[in-house]
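Okay, here's what each chain looks like letter by letter:
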Amino acid sequence: MVTSPAKSRSNYRTTCAGIAGGSIAAAGRCFVQASNHARVTAYEHAHIEAFDDSTVDARGKSHIVGTARAKIRAEDNAIVFAHSRRHVQANGQTLITATDTTTVRIDGAAHVRVGPSVHTTGPGHPSKIETHPISRLARHLNF
């Protein structure tokens, strides 16, 4: 685990970690890359990048980027960007942006922006369908 200075406008430090397999809980202002069947539970302002067959439970105001078969369950005010065959379950006041062949299950009052190839299921419906959803979410994820 490596600790490095956060952005200059803040007075706290950011923790960075990588996990390949196993389980981890990430809370506060931290950055985690998960791969190889890892399970991550993200709280508060954690930023998680999930690859391979990782599973992420996103809560609070966590930010999640899911690629390559990652599975994501988001609730509270989590922000998720999913692409390349992801499965996302959106609950609460989450903001989901999905592209490629992602499947999104919408529950609760989730705000979902999806590309034309995304499949949506569940009792909710996407709040908006955009053909280029990436640009809107990029500012939330600080890209």
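One can find the structure itself at the top, above this paragraph.
Residues numbered from 1 in each chain as written. Predicted model: local features only at pLDDT ≥ 70, side-chain atom pairs only at ≥ 80, totals over all residues. Heavy atoms only, no water.

Asker: A description of unusual backbone geometry should follow, citing residues and the corresponding values.
Answerer: Even without being glycine, E44 reaches a positive phi, approximately 55°. Here E44 lies in the loop between β5 (39–42) and β6 (47–50). Assessed through its relative accessible area of 47%, E44 is described here as partly exposed. Even without a glycine there, the phi angle at D52 is positive, about 50°. Here D52 shows up in the loop between β6 and β7 (55–58). Taking the relative accessible area as the measure of exposure, D52 reaches 24% and is therefore partly exposed. (Helix = DSSP H or I, 4+ residues; strand = E, 2+ residues; numbered from the N terminus. Buried < 20%, exposed > 50% of the residue type's maximum accessible area, 1.4 Å probe, protein only.)

Asker: With reference to specific residues and values, describe the nonpolar core.
Answerer: Looking at soluble globular proteins, one finds that nonpolar side chains tend to be buried together. Membership of the largest hydrophobic core comes to 31 residues, with the highest contact counts inside it found for I48, V56, I64, V80, I96 and V104. For this core, the leading source of residues is strand β4 (residues 30–35), giving three residues. (Core = buried A, V, L, I, M, F, W, Y, C linked by side-chain atoms within 4.5 Å.)

Read these as layout, nothing more, since geometry by itself doesn't imply function.
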